Amino acid sequence: MGQAVAALDLDIALRQGTFQVDAKISAGPGLTVLFGPSGSGKSTLVDLVAGLKRPDRGRIAVDGVPLVDTAAGLWLPPHRRRVGYVFQEARLLPHLTVRQNLLYGRWFARRHLTPDSPTCESVADLLGITHLLNRRPAALSGGEKARVALGRALLALPRILLMDEPLAALDEARKAEILPYLERLRDHAGLPILYVTHAVAEVARLATTVVMMDQGRVRALGAPSTLWSRPDLMDLTGGAEAGALLDAVVSHESGDGLFALDTPAGRILVPHVPGHLVPGTRTRLRIPARDVLLSDRPPQGLSALNVLPGVVDDVREDADGSRVVRLDCGGAPLLARVTRTSASVLAITPGQPLWAIVKAVALDQGS
Ligand SMILES: Nc1ncnc2c1ncn2[C@@H]1O[C@H](COP(=O)(O)OP(=O)(O)OP(=O)(O)O)[C@@H](O)[C@H]1O
């Protein structure tokens, strides 16, 4: 059996000014998040895939199709790459209806149409914009415009979809409106997505794979729950948003409007989130370290629903002097942020058994 072809295969070097990008990525299907501090090279990688920047050396292939290969003298110009680039602002044509805007994307793809290609109708259905097809952009909300822009990109039959912080310009309500459609794209559009974000909530909800960028290089690549549990990456995953990402399966409704989710760390109860928690569904939970309390004995008489026993396996001091404690809960990591005083009162040391108390409201329901 031959080796599976990576959805995205990239091995490039580029110097721009004093900044050197040297990155090697091999990612499977689904949605790959580029994550890392400002200036770490995320947009540069997206631009390299789009063909807006040219590497000094290297190769980029999507589903085995090479887009650039300096050793072979290959350089496909941007318009021949069939990449869908979704920008922060929708950039719709104001004088055209939604249907015409969608078909504008299709025009560029006319030579690549097959009987299986998505249609204007199927894409409108996927993105929930069928009822908007005859409107003009001026009569759309920000979230609706963003969905039309996604549809236009899809109808151009791209090999890969590139999204550079697509939600950054939207308020929380608009983000919440778009996220389910991004999940549907990831699961049903059948094409790889390369997605830049700084937001851990988007990683939790959307990422199949995460590439951690740091100073132009790939620090780590892997599943979100794995990378967010690694102490050596805390400088990138930590800070105010430090927390654990746990893969979970929805088990059952437990009454009182609560749902039981099975995670490697144990059973966790979460409040109902409309339309999402169907038993058997795979999901991901984000548990911020600041919302986890620690106790050196099983807590009694507390209203918190989720108490998980664990063993301390790492303690680090954060920039503000607080301690981030990593607990091993049955093989899965949980992070808790405690003050320096609490850490010394509990005399927290590796190997010590502790109980993590997670406030139900602190749980953030993901994909
Ligand atoms: N044309 C250019 N010439 C010189 N330096 C550049 C050029 N474009 C980008 N850079 C530098 O390359 C580095 C990486 O930039 P890039 O935009 O890829 O980072 P980023 O991780 O996407 O950041 P952010 O999260 O802030 O968008 C930065 O230091 C930037 O100043």
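Under the annotation held in an unreviewed UniProt entry, the protein carries the name Molybdate transport system ATP-binding protein and is attributed to Nitrospirillum amazonense.

Q: Can you lay out helix α1 (residues 42-50) for me, pointing to particular residues and giving the numbers?
A: The element α1 is largely enclosed, with a buried count of eight among its nine residues. Listed in full, the buried residues belonging to α1 are Lys42, Thr44, Leu45, Val46, Asp47, Leu48, Val49 and Ala50. Two residues or fewer after α1 comes Gly51, characterised by a positive phi angle close to 90°.

Q: Tell me about helix α5 (residues 172-188), and please be specific about residues and values.
A: A rise of 1.5 Å per residue sets the reference length of α5, with its 17 residues, at 24 Å; its end C-alpha atoms lie 25 Å apart and thus fit the reference within 8%. For α5, the full list of buried residues reads Lys175, Ile178, Leu179, Tyr181, Leu182, Glu183, Leu185 and Arg186. In this structure, the buried side of α5 is in contact with β3 (31-35), α3 (120-126), α4 (142-155), β8 (160-164), β9 (193-196) and α6 (200-206).

Q: So what about the site of the ligand? Which residues, and what values?
A: Neighbouring residues of the ligand: 13 residues in total, closest Ser38, Gly39, Lys42, Ser43 and Thr44. Interatomic distance of 3.0 Å between a side-chain N/O atom of Gln16 and an oxygen atom of the ligand. Between the ligand and Ser43 there is a distance of 2.8 Å, counted from an oxygen atom to a backbone nitrogen or oxygen. Top contributing element to the shell around the ligand by residue count: α1, with three residues. For the shell around the ligand, a count of residues per class yields two nonpolar, nine polar and two charged.

Q: Account for the sheet that holds strand β20 (residues 353-358), with residues named and values stated.
A: In space, the five strands of this open sheet follow the order β16-β20-β17-β18-β19, with antiparallel pairing throughout. Each having just a single partner strand, β16 (292-295) and β19 (332-338) make up the two edges of the open sheet. The sheet shows a mean angle of 45° between the axes of neighbouring strands, direction not considered. Where strand β17 (residues 306-317) lies against strand β18 (residues 323-329), six bridges are found, and the strand directions are antiparallel. Bridge pairing links Glu317 to Arg323 in β18.

Cut-offs and rules
- Residues numbered from 1 in each chain as written.
- Predicted model: local features only at pLDDT ≥ 70, side-chain atom pairs only at ≥ 80, totals over all residues.
- Heavy atoms only, no water.
- Buried < 20%, exposed > 50% of the residue type's maximum accessible area, 1.4 Å probe, protein only.
- Helix = DSSP H or I, 4+ residues; strand = E, 2+ residues; numbered from the N terminus.
- Expected span 1.5 Å × (residues − 1).
- Contact = heavy atoms within 4.5 Å.
- Near = heavy atom within 4 Å.
- Polar contact = N/O pair within 3.5 Å; in protein donor to acceptor, adjacent residues only side chain to side chain.
- Nonpolar A, V, L, I, M, F, W, Y, C, P; charged D, E, K, R; others polar.
- Pairing = 2+ DSSP bridges.
- Axes fitted to C-alpha atoms, helices over the stretch in contact; angles between N-to-C directions.

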